[in-house]
Amino acid sequence: MKFFIDTANLAQIKEAHDLGVLDGVTTNPSLMAKEGITGEENVINHYKAICEITDGDVSAEVISTTFEEMIAEGEALAKLHERIVVKVPMIKDGVKAIKYFTEKGIKTNCTLIFSAGQALLAAKAGATYVSPFIGRLDDISTDGLTLIEDIRTIFDNYGYPT
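Residues numbered from 1 in each chain as written. Predicted model: local features only at pLDDT ≥ 70, side-chain atom pairs only at ≥ 80, totals over all residues. Heavy atoms only, no water.

## Re the pairing of strand S3 (residues 57-61)
A large share of S3 lies buried, amounting to 5 of its 5 residues. In S3, alternate side chains face the same way, and those of Asp57, Ser59 and Glu61 on one face and Val58 and Ala60 on the other are all buried. Both strand S2 (residues 24-26) and S3 contribute to a ladder of 3 bridges, which runs parallel. By the bridge assignment for S3, Gly24 is matched with Asp57. (Buried < 20%, exposed > 50% of the residue type's maximum accessible area, 1.4 Å probe, protein only. Helix = DSSP H or I, 4+ residues; strand = E, 2+ residues; numbered from the N terminus. Pairing = 2+ DSSP bridges.)

## Examining the packing of aromatic side chains
Scanning the model with the defined rule gives 3 aromatic pairs in all. Centroid distance Phe67 to Tyr100: 6.2 Å. Interplanar angle 90 degrees. Geometry classified as edge-to-face. Of this pair, Phe67 sits in helix H4 (residues 67-78) while Tyr100 sits in helix H5 (residues 92-103); the two residues are 33 residues apart in sequence, bridging distant segments of the chain. What links up through ring pairs into an aromatic cluster is the set Phe67, Tyr100 and Phe101. (Phe/Tyr/Trp six-rings, centres within 6.5 Å; stacked < 30°, edge-to-face > 60°.)

## A word on a nonpolar patch on the surface
Nonpolar side chains collect at one region of the surface, where Phe3, Leu19 and Val21 lie side by side and expose about 300 Å² of accessible area between them. Examined against the element boundaries, Leu19 turns out to sit in helix H1 (residues 10-19). A residue is classified by how much of its surface remains accessible, and Leu19, at 63% relative accessible area, is exposed. (Patch = residues over 30% accessible without salt bridge, like charges linked within 9 Å, V, L, I, M, F, W, Y side chains within 5 Å. Areas by Shrake-Rupley, 256 points an atom, 1.4 Å probe, with all protein chains shown as cover. Salt bridge = Lys/Arg side-chain N within 4 Å of Asp/Glu carboxyl O.)

## Here's the deal with the pattern of salt bridges
Applying the stated rule across the entire model yields 6 salt bridges. Of the charged contacts, one joins Asp93 and Lys96 as a salt bridge, the two residues approaching to 4.0 Å between their closest N and O atoms. Within this pair, Asp93 and its partner Lys96 are both found in helix H5, separated by 3 residues, close to a single helical turn. Salt-bridge contacts for Lys99 lead to Glu103; the nearest nitrogen and oxygen are separated by 3.9 Å. Placement of both Lys99 and Glu103 in helix H5 is noted, with a separation of 4 residues, approximately one turn of the helix. Taking relative accessible area as the criterion, Glu103 reaches 59% and is therefore assigned exposed.

## Quick word on helix H6 (residues 116-125)
An α-helical turn contains 3.6 residues, so any two residues separated by three or four positions project in the same direction. Looking at H6, one finds that the buried residues are Ala116, Ala119, Ala122, Ala123 and Ala125. Phi for Gly126, located one or two positions after H6, is positive at around 110 degrees.

## Considerations on H4
Look at H4: 16 Å from first C-alpha to last across 12 residues, which is about the 16 Å you get at 1.5 Å a residue. Looking at H4, one finds that the buried residues are Phe67, Met70, Ile71, Gly74 and Leu77. In a view along the axis of H4, the buried residues occupy a sector of 135 degrees, so they form one face of it. If you follow the buried residues of H4, they end up packed against helix H3 (40-53), S3, strand S4 (84-89) and H5. (Expected span 1.5 Å × (residues − 1). Arc of directions from axis to C-beta. Contact = heavy atoms within 4.5 Å.)

## Some words on the pairing of strand S5 (residues 108-113)
Along S5, 5 of the 6 residues are buried, which leaves the element largely enclosed by surrounding structure. Assessed by its sense of winding, the connection that carries the chain from S4 through H5 to S5 is right-handed. Crossover connection from S5 via H6 to parallel strand S6 (residues 129-132): handedness right-handed. (Right-handed = clockwise from strand over helix to strand, strands pointing away.)

## Some remarks on the packing of H4 against H5
It is the contact of H4 with H5, at a shortest axis distance of 9 Å, that shows an interaxial angle of 45 degrees. With respect to H5, the element H4 is oriented oblique. The crossing of H4 and H5 is right-handed. Contacts from Phe67, Met70, Ile71, Gly74 and Glu75 of H4 reach H5 at Asp93, Gly94, Lys96, Ala97, Tyr100 and Phe101. Of the residues that constitute the contact of H4 with H5, the class distribution is 6 nonpolar, 2 polar and 3 charged. (Axes fitted to C-alpha atoms, helices over the stretch in contact; angles between N-to-C directions. Parallel < 35°, antiparallel > 145°, perpendicular 65-115°, else oblique. Left-handed = near helix turned anticlockwise from the far one by under 90°. Nonpolar A, V, L, I, M, F, W, Y, C, P; charged D, E, K, R; others polar.)

Listed below in structure tokens is the structure:
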């Protein structure tokens with residue numbers, strides 16, 4: 001099992017790293033804004049700072065929703081640091097972008113996964129990681145951990161990496 005902290009807070013990331021249990025970080029523009037980080041240059045510098053704290057992958061989310069814009073944004077993010085993983089939404093153009101990035105050797109994390117079928121689709125497109133929204137499912141009285149179990153079963157049965 002890998003442990004990724006979902007935050008843009010450098011102190012929290014450092015604390016998890018210092019515990020010796022951190023495998024990586026996922027973050028997104030809303031988590032950046034929550035920390036008061038705004039403006040393209042500040043966001044870029046913050047991603048770099050996160051990469052300097054952790055030895056693991058750092059998921060940096062695109063804000064674009066069209067294939068062409070996701071590609072441009074994702075390629076720029078991937079160039080920031082070797083540990084950057086491009087975080088892409090589970091939408092039609094996002095799946096296409098995952099396929100594109102995979103063919104280019106760029107790691108991806110598919111976010112907004114609400115079903116096992118979506119996770120399978122992302123994996124089939126080549127996603128390095130999938131990010132199920134178990135908290136949101138739990139919020140609507142759906143068992144998020146059951147989704148994790150279902151995804152794990154499908155990935156095991158079809159030989160997708162863990």
